[in-house]
Amino acid sequence: MPSRKFADGEVVRGRWPGSSLYYEVEILSHDSTSQLYTVKYKDGTELELKENDIKPLTSFRQRKGGSTSSSPSRRRGSRSRSRSRSPGRPPKSARRSASASHQADIKEARREVEVKLTPLILPFGNSISRYNGEPEHIERNDAPHKNTQEKFSLSQESSYIATQYSLRPRREEVKLKEIDSKEEKYVAKELAVRTFEVTPIRAKDLEFGGVPGVFLIMFGLPVFLFLLLLMCKQKDPSLLNFPPPLPALYELWETRVFGVYLLWFLIQVLFYLLPIGKVVEGTPLIDGRRLKYRLNGFYAFILTSAVIGTSLFQGVEFHYVYSHFLQFALAATVFCVVLSVYLYMRSLKAPRNDLSPASSGNAVYDFFIGRELNPRIGTFDLKYFCELRPGLIGWEALLTTMDIIHDGFGFMLAFGDLVWVPFIYSFQAFYLVSHPNEVSWPMASLIIVLKLCGYVIFRGANSQKNAFRKNPSDPKLAHLKTIHTSTGKNLLVSGWWGFVRHPNYLGDLIMALAWSLPCGFNHILPYFYIIYFTMLLVHREARDEYHCKKKYGVAWEKYCQRVPYRIFPYIY
C-alpha cells in the first residue's frame, strides 16, 4: 500500500478544481483505495483532491510587505477593476529590441489582479498568525471593519497562492501556470466569489445569554452578594429565613470606609510599581507585540503583611473591617462601576488591534465583557493589576489564561476582581465569626491533606502548562506526549493534561471544598462557595472547549478522544 504524504488535520494548500489557484485547506481524511484526499476549504467547502493537487505550506514563499504595485491607483488603495494583460497582447516593454523580446515577455508576464479578500475566521485571543514560522506583517487600520484592497501577483513561473488568513488583510503573492485570457476571467470571478467580510461577533455567538444575560448579571450579582452577606449575619442563616431584613441604603454607605478602600487600592498600586521582581513577556498579541509584565506579587505580599503586622503592633483595630464588611462591599462595588465606565470610554478611542476578540460591537455587551484587551496607563496594566493585587495576591501564572489572552477588561473582570473574589472567597471566614464550629484534630488533618492535594494538582497543572507554552522544547518536558495542530502549536496529552482536560479546575474545586468543610454541616450557606465555583468552572470549561475546538479543529477532537474526561475523572 503506497504511503500517504499528508496527515489528517494538517493545513496545506489545495488547488481549486478547474483553475490553477491554490487555497488554504485542512486535510480531513484519505482514501487508500482511490488515493484521494478529502479536504475542507475556509468557507466550509469539502472536496476530494489528488495528492499532486496538494502542496505543503512550506513550499509557498511570502512576498515581503514592502513590495508595492506599479499602478498609482493601486498604491492609493482605490477600488479599481482588474487590469491584467492577456497573454496574447504584447506588453509595451516587449517593443524594445528583438534580441531581448523573449526575456521581456517573461518579465512582463507578471500581472496583478486586485481583489478584496478578508478572513472568514478571526484569530483567537492574543495568538499571532504565522507564515513559515515568521510573524506576519499587519498594517494598522483603526477604522473598524473597513474593506481593504488586496493585491495578488500572477506569474507563469510556478503554480501557487500564498494565502494566510489574519484579522488584517495583506498583500499575497499568486503565481499561476500557463494562464490564458479565459483563465484570467475565471480567476477574477473565482476570487470575487470567495470574498469574505470581517464582521463583529454574531448575536448567537455572544456568551452569558447575550445582551439580556449580561444585563441581568450586572444588576443581579451585586444584589445577590449583599443578600448572602446579610444572611451570614443572621442568628439563624437557614434558607427558610430568606430573604433577610434589608438595611437602609444610608446605613451601607460610609465615606470613611470608601476612603479606607481607596487607601488600600493605592498602597497596592505603589507596591506594584516598585522596580523589584523580574520582567517577563506575555503571549504574542495580534500584531506580533509582546507586552511586558513585572512579577513582584510575592514582594507585594511580604510588604502588605509587614504593614498589617506593624498596624497591629500600633494598636489598630482590624475588627473594623468585619464590622463594616457590608460598607466595604458597597465601596468596592461603586469603585468597580466607576472603573468600568472609564474603561469603556477609553476603549472607544483604542486602535482596532488593541480590542478584545470577545468584543461584539454592542455597547451593553462590550461594557460587560470588556472592549479593550489590555488597557494601560503608560506601563501600568490595569487588568493585570486588578487581577492580582487588590483582591487576590500571589496568582502569578496568569499570563496564559483566558482572562488575559481573550477577555477584555470591563465590568465582568472588574467586579470579579475587586468585589466578588475578596468578599465571596472569604465568605467562610465571615460566616464562622457569627457561627463558630469546632473541628476535631482528625477532621482538621483530613481537611489540610485535602487542601494540599488540591494545591498540588492546581499548581502542578498550571506550572506544566505555563512552562510548555513558554518553551515547548524544554528538555524537562521531553517526556510529555503531544498532538500537533494546524496552528503550528502542540497540545499536551500526557502529564496532568492527560489525566483530565482541565486538571487545574479539578485542583481548584478540591481546594474550594477544603475551605468550606471547617464550617460544619449545620447550614448549606457556607457551601455556596463550592456550589458557585463548580458552576463557574463548568461554564468556563464550556467556553474553553468552544474556543479550543474552533482554534485547533481535528487536533482538539483527537485530544478529546485521548482524554475523555473534562474535569472530574470517570464523572465529567
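For the structure itself, look to the data block above.
Quick look at the structure, then. (Residues numbered from 1 in each chain as written. Predicted model: local features only at pLDDT ≥ 70, side-chain atom pairs only at ≥ 80, totals over all residues. Heavy atoms only, no water.)

The next thing to look at is the packing of aromatic side chains. Evaluated as defined, the whole model comprises 36 aromatic pairs. Aromatic side chains Trp16 and Tyr41 sit 5.1 Å apart centroid to centroid with 80 degrees between the ring planes, which places their arrangement in the edge-to-face category. Residue Trp16 is located in the loop between strand S1 (11–15) and strand S2 (22–31), and its partner Tyr41 is located in strand S3 (residues 36–41); the two are separated by 25 residues in the primary sequence. Grouping residues by exposure puts Trp16 and Tyr41 together as buried. Among the aromatic residues, those joined into a cluster by ring pairs are Phe224, Tyr344, Phe367, Phe411, Phe415, Trp420, Tyr425, Phe427, Phe528, Tyr529, Tyr532 and Phe533. It is Lys233 that lies over the ring of Tyr322; its NZ or CZ is 5.7 Å from the centre. (Phe/Tyr/Trp six-rings, centres within 6.5 Å; stacked < 30°, edge-to-face > 60°. Helix = DSSP H or I, 4+ residues; strand = E, 2+ residues; numbered from the N terminus. Buried < 20%, exposed > 50% of the residue type's maximum accessible area, 1.4 Å probe, protein only. Lys NZ or Arg CZ within 6 Å of the ring centre and 35° of its normal.)

At a closest axis distance of 10 Å, the pairing of helix H6 (residues 255–273) and helix H7 (residues 297–313) adopts a crossing angle of 135 degrees. One element, H6, and the other, H7, form an angle in the oblique class. By crossing handedness, the relation of H6 to H7 is classed as right-handed. Judged by residue contacts, Trp264, Gln268 and Phe271 of H6 engage Ala300, Leu303, Thr304 and Val307 from H7. Of the residues assigned to the contact of H6 with H7, the class counts are five nonpolar, two polar and no charged. (Axes fitted to C-alpha atoms, helices over the stretch in contact; angles between N-to-C directions. Parallel < 35°, antiparallel > 145°, perpendicular 65-115°, else oblique. Left-handed = near helix turned anticlockwise from the far one by under 90°. Contact = heavy atoms within 4.5 Å. Nonpolar A, V, L, I, M, F, W, Y, C, P; charged D, E, K, R; others polar.)

A few words on a nonpolar patch on the surface. Residues Ile276, Phe298, Tyr299, Phe301, Ile302 and Leu303 make up a contiguous nonpolar surface patch of about 570 Å² in total accessible area. Looking at the element boundaries, Phe301 is found in helix H7. On the basis of relative accessibility, which here comes to 44%, the residue Phe301 falls in the partly exposed class. (Patch = residues over 30% accessible without salt bridge, like charges linked within 9 Å, V, L, I, M, F, W, Y side chains within 5 Å. Areas by Shrake-Rupley, 256 points an atom, 1.4 Å probe, with all protein chains shown as cover. Salt bridge = Lys/Arg side-chain N within 4 Å of Asp/Glu carboxyl O.)

Another point: the packing of helix H9 (residues 325–347) against helix H13 (residues 411–424). Two quantities define a packed helix pair, namely the angle between the helix axes and the distance between the axes. With their axes 9 Å apart at the nearest point, H9 and H13 run at an angle of 165 degrees to one another. By the angle between their directions, the pair H9 and H13 is classed as roughly antiparallel. The chirality of how H9 crosses H13 is right-handed. Along its contact with H9, which presents Phe325, Phe328, Ala329, Ala332, Thr333, Phe335, Cys336, Val337, Leu339 and Ser340, the element H13 presents Phe411, Ala414, Phe415, Leu418, Val419 and Phe423. Considering only residue class, the contact of H9 with H13 consists of 14 nonpolar, two polar and no charged.

For the rest of this paragraph, the subject is helix H17 (residues 528–552). The terminal C-alpha atoms of H17, which comprises 25 residues, lie 35 Å apart, in line with the 36 Å expected from a rise of 1.5 Å per residue. Positive phi shows up at Gly553, right after H17, with a value of about 60 degrees. (Expected span 1.5 Å × (residues − 1).)

Turning to the pattern of salt bridges, a few remarks are in order. Scanning the entire structure with this criterion turns up twelve salt bridges. For the salt bridge of Glu541 with Arg566, the shortest nitrogen-to-oxygen distance reads 2.8 Å. Of this pair, Glu541 sits in helix H17 while Arg566 sits in the segment after helix H18 (554–562), and the two are 25 residues apart along the sequence. Through salt bridges with shared partners, a single ionic network connects Arg13, Glu24 and Lys42.

Before going further, it helps to spend a moment on the sheet that holds strand S5 (residues 54–55). The strand order S4-S3-S2-S1-S5 describes an open sheet built from five strands, whose pairing is antiparallel. Looking along the sheet, the strands with just one partner apiece sit at the ends: strand S4 (46–50) and S5. When S1 meets S5, the two strands line up antiparallel, connected through two bridges. In the strand pairing of S5, Arg13 is matched with Lys55. (Pairing = 2+ DSSP bridges.)

Further remarks concern unusual backbone geometry. Backbone torsion omega between Phe242 and Pro243 reads 0 degrees, so that peptide bond is classified as cis. The residue Phe208 is not glycine, and still its phi comes out positive at about 60 degrees. Residue position: Phe208 is located in the loop between helix H3 (181–193) and helix H4 (210–232). One non-glycine residue with positive phi stands out, namely Tyr570, at about 65 degrees.

Attention now goes to the side chain of Ser238. Structurally, Ser238 is set in the loop between H4 and helix H5 (249–252). Ignoring anything within four residues of it in the chain, the contact list for Ser238 reads Met231 and His523.

Below, the discussion takes up the pairing of strand S13 (residues 292–295). Only one face of S13 is buried: it carries Tyr293 and Leu295, and the other face, with Lys292 and Arg294, is open. Judged from the four bridges that link them, strand S12 (residues 278–281) and S13 form a sheet pairing that is antiparallel. Bridge assignment links Lys278 to a residue of S13, and that residue is Leu295.

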